[in-house]
Protein chains: 2
Amino acid sequence: MSSATKSVTLEGRFCMHRGGYLESPTLAYETWGELNEKRSNAILLFSGLSPSAHAASSAEDRSAGWWEDMIGSGLPLDSDEYFIICVNSLGSCFGSTGAASVDPETGKLYRLNFPVLTLEDVADAAHGVVKHLGIDKLHTVIGCSMGGMSGIAYCVRHPDGVARFVSISSATRTLPFGIAVRSLQREMIRCDPKWDGGQYEADNSPIQGQRLARKLGMITYRSPQEWDQRFGRERSTSDSHPGNPFGIDFSVESYLENQGNKFTGGFDPNCYLYLSRASDLFDLAEHGGSIPAAMRRLKLQKTLVIGVTTDILFPLHQQRELADGLSKVCMDTRFVPLDCIRGHDSFLVDMDAFRPVICEFFESCCD
Amino acid sequence: MSSATKSVTLEGRFCMHRGGYLESPTLAYETWGELNEKRSNAILLFSGLSPSAHAASSAEDRSAGWWEDMIGSGLPLDSDEYFIICVNSLGSCFGSTGAASVDPETGKLYRLNFPVLTLEDVADAAHGVVKHLGIDKLHTVIGCSMGGMSGIAYCVRHPDGVARFVSISSATRTLPFGIAVRSLQREMIRCDPKWDGGQYEADNSPIQGQRLARKLGMITYRSPQEWDQRFGRERSTSDSHPGNPFGIDFSVESYLENQGNKFTGGFDPNCYLYLSRASDLFDLAEHGGSIPAAMRRLKLQKTLVIGVTTDILFPLHQQRELADGLSKVCMDTRFVPLDCIRGHDSFLVDMDAFRPVICEFFESCCD
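Residues numbered from 1 in each chain as written. Chains lettered and ligands numbered in written order. Predicted model: local features only at pLDDT ≥ 70, side-chain atom pairs only at ≥ 80, totals over all residues.

Draft legend 1. Focus on the overall build of chain A. The helix and strand inventory of chain A stands at 11 helices and 12 strands. In terms of overall dimensions, chain A is globule-like: its C-alpha atoms have a radius of gyration of 20 Å, near the 21 Å expected for 367 residues. Dimensions along the principal axes, computed over C-alpha positions, put chain A at roughly 70 × 50 × 45 Å. When the 367 residues of chain A are sorted by exposure, 57% land in the buried category. Within chain A, contacts between residues separated by at least 24 positions form 70% of all contacts whose residues are at least 6 apart in sequence. (Helix = DSSP H or I, 4+ residues; strand = E, 2+ residues; numbered from the N terminus. Rg over C-alpha atoms; globule rule 2.2 N^0.38 Å. Buried ≥ 20, exposed ≤ 12 C-beta atoms within 10 Å, placed from the backbone. Contact = placed C-beta atoms within 7 Å.)

This is how it looks when you write it as structure tokens:
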């Protein structure tokens, strides 16, 4: 874990949205900048499924974070002006309580005894951190990918606690294509004999299944258009095992191999299963019976929805739907479809496209 | 195998496109209709990766074939007028020689000793069947999906042997998205411990890996748009294992489970690996150094390219590219983009859209 990571224990019984509870869960978080006297300049950032709270470097930890180019002095999330908080999602494994944590009531790892996790729980746990920091009302909630769904869950469950919302490459709910992809990723992990019903040891975990799941992830996180340009039918320079049907022939296969290997070991498989399913389960319409009813619960004064034309996991029409819904309850809503080529992951790699849009959002805030 | 299936042995050494050979391979095929006196009414049909030669029912076998609504008396491939041949691809496992066949030189199954398979080999083996049937020039070669690539391989390698070509949801080559998907499907099978380096027994084969590969297949064979309409966020009625992260929650997951279970057992895993890789390896540009150079080798008098707007595996722009290339060497080329919702598989399920286009093609043939 980053040396900049702090943590807080939410004392008492934390009741989960779909039943069950956690006894005094821990939440890991990092912050950048200073909270002003009025406590009115706090931004809460929700990450996608896999990142930690280390979104950017700081004096305490100089290593680059997962949104390094976006957070800091003079950057779109400007630490000279704002107090930025990133919480490691409840259910994750980078300091926050999840399936890989010890259940204080049994002294053993939760594993599959962890209760069903939802993005409402992720939002509520982050709200606990915000309260702990003495903040009543956030200047802005901002979330990327799954984090955008956690973010809108925060806004609908704590409407008086947030003034503005920024959704990046997210949606009001997952549609069947996304469910199918994630369901298959989870099955790949469970089919690895080393998963062993969730009872694997840390040094003998289902790495093979995780590699496969990561490869499928990359297929949906990027775009065919990017790969046409980047790889085409270029051959791999690594050993191609000529004469057998299972070597690596093409550059795109080498790329996936590298991506698959990079990810494994870093993320606990059971935590992945829980967070992945939480993404599938989320449906904003459950808050009031319909999307419009849920929207009417919001008390936002300004919102921004950014989507990418080549995103196949959170397709643009879903982001337009989110923006349309928000615009009916919040006059100052802006929808920005970006013509980036790198698909869902664009917000992590195409900073030149995202930076000005997010800058403009904060510059046009009138308090 | 269907009782309507005939077979022919191509006597002697069959040299493979990328090296190696098969000793007197067998090809399974079915036919519908009668060859006319001039031997000028033969249509050769290439299937996608997984079907057998049983494309339609006949007097010998009343069971429905994989393109039942398309072949027969009064149907678009009209058996009253044409002599239609469907060959089980070389390398497959429904009567044609493949990795699951006995190598006559060793008396053992080929397994991974089968030479590298290409779609040029699939085309050449089908050409052997056509010669065996005494046909010098085919009226039309028609191919669906992978079969479209086998079909264009046939046209470029035997330009004097074919007068017309119909490509359905195919391409001149596989782009990186398709390579990535197929490569991952192959890896899923190889990662199943029961694959055992290809040495599995028929009654103990890597069914788990095949199930996963089939599920990924279905994700790319259909379309997100179809699933939005068909499933939305509808819950599955099957046992959802409440409280654990690996049950089936949604209808789309039940659907994939059924599809995965249906496919396994029917197709030999090693054969699948070979044919899947053959699809990735195919590149029409290798015939002459570029797509235009390959096109100039063709001697076609009429072509038709049909594609589907929602196809993510063989996207429309690839089919437009094929049609553009054909139009430069064949005046009578027609490109028909169909606005079907069921993605790549539309040619198997949306017959009302495909039937009139294929009918029109054959009706407008002037001999």
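Draft legend 2. Expanded view of helix α3 (residues 176-191) of chain B. Its 16 residues give α3(B) an end-to-end C-alpha distance of 22 Å, which sits within 8% of 22 Å, the value for a rise of 1.5 Å per residue. Counting buried positions along α3(B) gives 14 out of 16 residues, so the element sits mostly inside the fold. (Expected span 1.5 Å × (residues − 1).)

Draft legend 3. Geometry of the interface of chain B and chain A. On the side of chain A, 43 residues touch chain B, which itself brings 43 residues to the contact. Residue assignment for the side of chain B that touches chain A shows that the elements contributing at least two residues are α3, α4 (207-221), α5 (224-230), α6 (251-263) and α7 (269-281) of chain B. The biggest single contributor to the side of chain B that touches chain A is α3(B), with 12 residues. Residues of the side of chain B that touches chain A, tallied by class, amount to 26 nonpolar, five polar and 12 charged. (Nonpolar A, V, L, I, M, F, W, Y, C, P; charged D, E, K, R; others polar.)

Draft legend 4. Structural detail: the sheet that holds strand β11 (residues 302-308) of chain A. All names here are of chain A. Spatially, β1-β4-β8-β5-β9-β10-β11-β12 is the arrangement adopted by the eight strands of the open sheet, whose pairing is mixed. Unpaired on one side and paired on the other, β1 (6-9) and β12 (333-338) mark the two borders of the sheet. When strand polarity is set aside, the average angle formed by the axes of neighbouring strands in this sheet is 20 degrees. As judged from the six bridges shared by β11 and β12, these two strands associate in the parallel manner. Each bridged residue has a counterpart across the sheet, and for V308 the counterpart in β12 is L338. (Pairing = 2+ DSSP bridges. Axes fitted to C-alpha atoms, helices over the stretch in contact; angles between N-to-C directions.)

Draft legend 5. Highlighting the relation of the copies chain B and chain A. Rotating chain B by 180 degrees and translating it 0.0 Å along the rotation axis places it on chain A, where the RMSD comes to 0.0 Å. Taken together, the turn and the small shift mark the pair as related by a two-fold rotation axis. In this assembly the copies share their binding face: 100% of the residues contributing to the interface of chain B also contribute to that of chain A. (Least-squares fit on C-alpha atoms with pLDDT ≥ 70 in both.)

Draft legend 6. Examining the domain arrangement of chain A more closely. All names here are of chain A. Domain parsing of chain A yields domain 1 (6-174 + 283-363) and domain 2 (178-274). Across the contact, 20 residues belong to domain 1 and 15 residues belong to domain 2. Of the residues assigned to the side of domain 1 that touches domain 2, the class counts are nine nonpolar, eight polar and three charged. (Domains from an automatic or database assignment.)

Draft legend 7. Inspection of the pairing of strand β8 (residues 83-87) of chain B at higher detail. Residues and elements named next belong to chain B. When you tally the buried positions in β8, you get five out of five residues, the bulk of the element. With four bridges joining them, strand β4 (residues 26-32) and β8 adopt antiparallel strand pairing. The partner of W32 across the bridge, within β8, is I84. As paired strands, strand β5 (residues 42-46) and β8 are joined by four bridges and run parallel to one another. Within the sheet, the bridge partner assigned to L45 lies in β8 and is C86.

Draft legend 8. Examining the sheet that holds strand β1 (residues 6-9) of chain B more closely. All names here are of chain B. With mixed pairing, the eight strands of this open sheet are ordered in space as β1-β4-β8-β5-β9-β10-β11-β12. Two strands bound the open sheet, and with one partner strand each, they are β1 and β12 (333-338). The average undirected angle you get between the axes of adjacent strands in this sheet is 20 degrees. Of the strands in this sheet, β10 (164-168), β11 (302-308) and β12 are in contact with helix α9 (residues 316-329), which crosses β11 at around 170 degrees.

Draft legend 9. Spotlight on unusual backbone geometry. Although it is not a glycine, S145(A) sits at a positive phi angle of roughly 60 degrees. Residue classification places S145(A) among the buried residues on the basis of 27 C-beta atoms within 10 Å.

Draft legend 10. Structural detail: the nonpolar core. Among the nonpolar cores identified, the biggest contains 219 residues, and I85(A) and I85(B) are the most heavily contacted of them. Among residues more than four places away in sequence, those in contact with I85(B) are Y29(B), T31(B), A42(B), I43(B), L44(B), L45(B), V129(B), V130(B) and L133(B). (Core = buried A, V, L, I, M, F, W, Y, C linked by C-beta atoms within 7 Å.)

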